[in-house]
Amino acid sequence: MGYYCLRCKRSVEITNEHQGARCPYCGFRALRKERPEEVVKKVKAE
Amino acid sequence: MEVKIIDQRENEVKFVFSGVNVRFANALRRAMIAEVPKLAIDEVNIHENTSLLYDEQLALRLALIPLKADLGDYSVDDRSTLTLKAISPERAGYTMVYSKELISSDSGVKAAFENIPIVKLIATEREIAGVRTIARQTIALEAIARLGTGKEHAKWQPVTTCGYKIMSSEEARSDLSNKKSVTFTVEGDGSVPVDEIVTEAARIMRKKCESMVDGVKSIK
């Protein structure tokens, strides 16, 4: 699962080998899961 | 053929058509209903809709809002985009979203009436273990309007009431030439001026007749 760092905005891969997750680039602890882009529903108006 | 206007208002006209065949009057009525083009919302891109209405219901409501535009600037393939973004209040209660909140990309396009209700957005407040939460409903969408005619869908019908009554005067009864007087009542939905609806319908009829004549000539 892809995550990104809330400080440096770089994408981070997390493995379950070590406890605690940190950004390997800046060391920040807050990471957010990368979500797919907003889904737009197309509706025919009739 | 003689035309006499009896009553004319902003969105309604009443006129007497004398010396016409009833079939001609009916053809004009049908042309006004089904052939005169107007702009209406045809497709809606819904980004967010947490209101009580389904996406499809919301789209249909939007489609039925008459849009005012200068039709001379539009061709069949032209599109106009209208955006709508609204959120319920910060406190418990509701807010009504009206047609005036539709923002068009083209300054010439706007809702014919500003006070057509679209949807009610409700905000509900509750407190659980001392924590107050508020759930707000939002809508964010992009509506695409295009030109169309009433024969495709009723949303492209520029008239609400459009009918005629055959005048039953002594003069009309004694007329053996089958020519009569009819009283037309045309009520527009506000998207196209009523006088323009009548003239455009007549123009369409003439065009159809001309193309038919050309077709017949080409057979010979």
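Above: the structure in question.
Residues numbered from 1 in each chain as written. Chains lettered and ligands numbered in written order. Predicted model: local features only at pLDDT ≥ 70, side-chain atom pairs only at ≥ 80, totals over all residues. Heavy atoms only, no water.

Visitor: I'd love a proper account of the overall build of chain B, names of residues and values included.
Guide: Within chain B, the secondary structure is distributed over four helices and 13 strands. Here the C-alpha radius of gyration of chain B, 23 Å, is well above what a compact globule of 220 residues would show, namely 17 Å. Principal-axis analysis of the C-alpha atoms gives chain B an extent of 90 × 45 × 25 Å. Here chain B, with 220 residues, has 39% of them falling under the buried criterion. At a minimum sequence separation of 6, the contacts of chain B that also span at least 24 residues come to 72%. Here chain B has roughly 13,000 Å² of accessible surface; of this, 51% comes from carbon and sulfur atoms. Here chain B carries 31 positive and 32 negative side-chain charges, and the mean point of each set is 5 Å from the other. (Helix = DSSP H or I, 4+ residues; strand = E, 2+ residues; numbered from the N terminus. Rg over C-alpha atoms; globule rule 2.2 N^0.38 Å. Buried < 20%, exposed > 50% of the residue type's maximum accessible area, 1.4 Å probe, protein only. Contact = heavy atoms within 4.5 Å. Areas by Shrake-Rupley, 256 points an atom, 1.4 Å probe, with all protein chains shown as cover. Lys, Arg positive; Asp, Glu negative; His and termini not counted. Charge placed at Lys NZ, Arg CZ, Asp CG, Glu CD.)

Visitor: Help me get a handle on the interface of chain B and chain A, residues and values and all.
Guide: Tallying the contact residues gives 14 residues for chain B and nine residues for chain A. Of the roughly 1,100 Å² buried between chain B and chain A, counting both surfaces, carbon and sulfur atoms make up 47%. There are four salt bridges connecting chain B and chain A. The tally of links from chain B across to chain A stands at eight residue pairs in polar contact (both at pLDDT 80 or more). With seven residues, strand E3 (residues 38-49) of chain B is the largest single contributor of residues to the side of chain B that touches chain A. Within the side of chain B that touches chain A, the residues separate by chemical class into six nonpolar, three polar and five charged. Pairing geometry for strand E4 (residues 41-44) of chain A and E3(B), over four bridges, is antiparallel. (Buried area = accessible area lost by both parts, 1.4 Å probe. Salt bridge = Lys/Arg side-chain N within 4 Å of Asp/Glu carboxyl O. Polar contact = N/O pair within 3.5 Å; in protein donor to acceptor, adjacent residues only side chain to side chain. Nonpolar A, V, L, I, M, F, W, Y, C, P; charged D, E, K, R; others polar. Pairing = 2+ DSSP bridges.)

Visitor: Give a description of a positive patch on the surface that names residues and reports values.
Guide: A cluster of like positive charges, contributed by Lys9(A), Arg32(A), Lys33(A) and Arg35(A), occupies part of the molecular surface. Inspection of the secondary structure puts Lys33(A) in strand E3 (residues 31-33). (Patch = residues over 30% accessible without salt bridge, like charges linked within 9 Å, V, L, I, M, F, W, Y side chains within 5 Å.)

Visitor: If you had to explain a negative patch on the surface to someone new, which residues and values would you point to?
Guide: Taken together, the side chains of Asp70(B), Asp73(B), Asp195(B) and Glu196(B) define an acidic patch exposed on the protein surface. By the secondary structure assignment, Asp70(B) is in the loop between strand E4 (67-68) and strand E5 (79-87).

Visitor: Run through the packing of aromatic side chains, naming residues and quoting values.
Guide: All names here are of chain B. All told, the structure shown has five aromatic pairs over all chains when counted by the stated rule. Relative to Phe184, the ring of Phe15 has its centre 5.3 Å away and its plane inclined at 15°; by these criteria the two rings are stacked. Pair noted here: Phe15 is in strand E2 (residues 12-20) and Phe184 is in strand E13 (residues 180-188), with a separation of 169 residues, a long-range link. You can call Phe184 buried: its relative accessible area is 0%. Measuring from centroid to centroid gives 6.0 Å for Phe17 and Phe184, while their planes differ by 70°, and the two rings are edge-to-face. In this pair, Phe17 sits in strand E2 while Phe184 sits in strand E13, placing the two residues 167 residues apart along the sequence. With respect to class, Phe17 is no different from Phe184; both count as buried. Members of the aromatic cluster, joined through ring pairs, are Phe15, Phe17, Phe24, Tyr164 and Phe184. (Phe/Tyr/Trp six-rings, centres within 6.5 Å; stacked < 30°, edge-to-face > 60°.)

Visitor: Before we move on, could you go through the pairing of E5(B) and cite the residues and values that matter?
Guide: A regular strand carries its side chains on alternate faces of the sheet. Residues and elements named next belong to chain B. Residue alternation in E5 divides its side chains into a buried set, Ser80, Leu82, Leu84 and Ala86, and an unburied set, Arg79, Thr81, Thr83, Lys85 and Ile87. Across nine bridges, E5 lies against strand E11 (residues 138-148) in antiparallel orientation. By the bridge assignment, Lys85 is partnered in E11 with Ala140.

Visitor: Any chance you could break down the environment of Thr95(B) for me, citing the residues and the numbers?
Guide: Residue and element names in this part refer to chain B. Relative to the elements of secondary structure, Thr95 occurs in strand E6 (residues 93-98). In this structure, the C-alpha to C-alpha distance between Thr95 and Lys217, residues 122 residues apart in sequence, is 62 Å. Excluding residues that lie within four positions of it along the chain, Thr95 makes contacts with Ile87, Ser88, Pro89, Val119, Lys120 and Leu121.

Visitor: Can you lay out the pattern of salt bridges for me, pointing to particular residues and giving the numbers?
Guide: Applying the stated criterion to the full structure yields 13 salt bridges over all chains. With a closest N to O distance of 2.5 Å, Lys38(B) and Asp189(B) form a salt bridge. Remark: Asp189(B) occurs in the loop between E13 and helix H4 (194-219) and Lys38(B) occurs in strand E3; sequence separation between them is 151 residues. The exposure classification of Lys38(B) matches that of Asp189(B), with both residues buried. Glu125(B) is the partner of Arg132(B) in a salt bridge, and the nearest nitrogen-oxygen pair spans 2.4 Å. On the basis of relative accessible area, Arg132(B) is assigned to the partly exposed category, the value being 45%. The class for Glu125(B) is partly exposed, based on a relative accessible area of 31%. Beyond isolated ion pairs, a larger network of salt bridges with shared partners links Lys44(A), Asp42(B), Arg146(B), Glu152(B) and Lys155(B).

Visitor: Can you lay out the sheet that holds strand E2 (residues 11-13) of chain A for me, pointing to particular residues and giving the numbers?
Guide: Residue and element names in this part refer to chain A. Taken in spatial order, the three strands of this open sheet run E2-E1-E3, and their pairing is antiparallel. Every other strand in the sheet has two partners, leaving E2 and E3 as the edge strands with one partner each. Taking the axes of each pair of neighbouring strands and ignoring which way they run, one obtains an average angle of 45° across the sheet. One ladder, built from three bridges, connects strand E1 (residues 2-5) with E3; its direction is antiparallel. (Axes fitted to C-alpha atoms, helices over the stretch in contact; angles between N-to-C directions.)

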